[in-house]
Amino acid sequence: MVTAGQVIAFAAVIQLGAMSPGPDFAVVVRQAAVTGRRGGMAAALGVAGGVFVWAAAAALGVAALLAASATAFTITKIAGAAYLLYLGARSLQAAYRGSEAPLETMTETVTGGGILDGFRRGLLCNLLNPKAAAFFVALMPQFLGNHPATADTLVLSAIAVLVTAIWFVVLANVVGSLRAFFTRRRVRRALDAGSGAVLIGLGVRLAATSS
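Asks: Would you mind showing me how to read the environment of Ala79 here?
Replies: When you line up the elements, Ala79 lands in helix α5 (residues 70-97). Using a relative accessible area of 32% as the deciding quantity, one classes Ala79 as partly exposed.

Asks: Explanation requested: the nonpolar core in the structure shown.
Replies: Taken as a class, soluble globular proteins show a tendency for nonpolar side chains to be buried jointly. In this structure, Phe10, Ile14, Phe136, Met140, Leu144, Leu156 and Ala160 are the most contacted members of the largest nonpolar core, which totals 19 residues. Looking at this core, the element that brings in the most residues is helix α7 (residues 130-144), giving 7 residues. Residues contacting Ala160, with those up to four places away along its chain left out, are Phe10, Ile14, Val51, Ala55 and Phe136. One finds Val29, Ala33, Ala44 and Val175 within the second-largest nonpolar core, a separate group that totals 16 residues.

Asks: Before we go on, may I ask you to explain the packing of aromatic side chains in this structure?
Replies: Aromatic rings considered in pairs are described by the distance between their centres and by the relative angle of their planes. Within this structure, the stated rule accounts for 4 aromatic pairs. Measuring from centroid to centroid gives 5.2 Å for Phe10 and Phe143, while their planes differ by 75°, and the two rings are edge-to-face. Note that Phe10 is positioned in helix α1 (residues 4-19) and Phe143 in helix α7, a separation of 133 residues in sequence.

Asks: Can you walk me through a nonpolar patch on the surface in this structure?
Replies: A contiguous nonpolar surface patch, about 360 Å² in accessible area, is contributed by Leu162, Ile166, Val170 and Val174. As for its position among the elements, Ile166 is in helix α8 (residues 150-177).

Asks: Explain empty space enclosed by the protein to me, please; I cannot follow it from the model alone.
Replies: To locate leftover empty space, one rolls a probe as large as a water molecule over the atoms. By the definition in use, this model includes 1 cavity of 30 Å³ or more. In this structure, the largest cavity spans a volume of roughly 70 Å³. The dominant element in the lining of the largest cavity, judged by the number of residues it contributes, is helix α2 (residues 23-35), at 4 residues. Here the lining of the largest cavity is built from residues that sort into 4 nonpolar, 2 polar and 3 charged.

Thresholds applied
- Residues numbered from 1 in each chain as written.
- Predicted model: local features only at pLDDT ≥ 70, side-chain atom pairs only at ≥ 80, totals over all residues.
- Heavy atoms only, no water.
- Helix = DSSP H or I, 4+ residues; strand = E, 2+ residues; numbered from the N terminus.
- Buried < 20%, exposed > 50% of the residue type's maximum accessible area, 1.4 Å probe, protein only.
- Core = buried A, V, L, I, M, F, W, Y, C linked by side-chain atoms within 4.5 Å.
- Contact = heavy atoms within 4.5 Å.
- Phe/Tyr/Trp six-rings, centres within 6.5 Å; stacked < 30°, edge-to-face > 60°.
- Patch = residues over 30% accessible without salt bridge, like charges linked within 9 Å, V, L, I, M, F, W, Y side chains within 5 Å.
- Areas by Shrake-Rupley, 256 points an atom, 1.4 Å probe, with all protein chains shown as cover.
- Salt bridge = Lys/Arg side-chain N within 4 Å of Asp/Glu carboxyl O.
- 1 Å grid on protein atoms, 1.4 Å probe; cavity = no way out; pocket = protein on both sides within 12 Å on 5 of 7 lines; lining within 4 Å.
- Points joined across faces, edges and corners; volume = space filled by probe spheres on them.
- Nonpolar A, V, L, I, M, F, W, Y, C, P; charged D, E, K, R; others polar.

Structure, rendered in structure tokens:
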């Protein structure tokens, strides 16, 4: 059974990993800035959902197979890079056009479809990142050992999800609270251009990553 000290240490490592700038951070920030708190929180929960999948997969050994298989790693890497490039291109297109929608229609209210879109973006962004698999492959065995109990696996997976969700939900709310600033046309175009460039850069870097 994992101890309280192990739980605290694991949560601290997950927190540091979540706070490091990367694709998840970029997607949540842009989603919150463009669609508001609800859209940003939906993306945050999508990222947390991906974290749960990777944590459970690492505990079960599935993520280790992905990290060890050059073919599986490459397929996931290419899919993830393509998705980031797609999101980046969409952002640059929005910057070029001025916005994805008239400013008067971009209210705080997000429809069910908008929330699902935010969740999907966060989930896919995390799941299509093989670095997430490598992170949990390296991390989970240090806290679970070679033959983890099911209860321990569930506890640490739940902690990973909780810590990630809290961090990104807080981030989404902070960015969402400044949405009046972000939806100014010039600021919005700068945000789209900047986030597009960042996402494309992350996609290129991911594509160049070796297993």
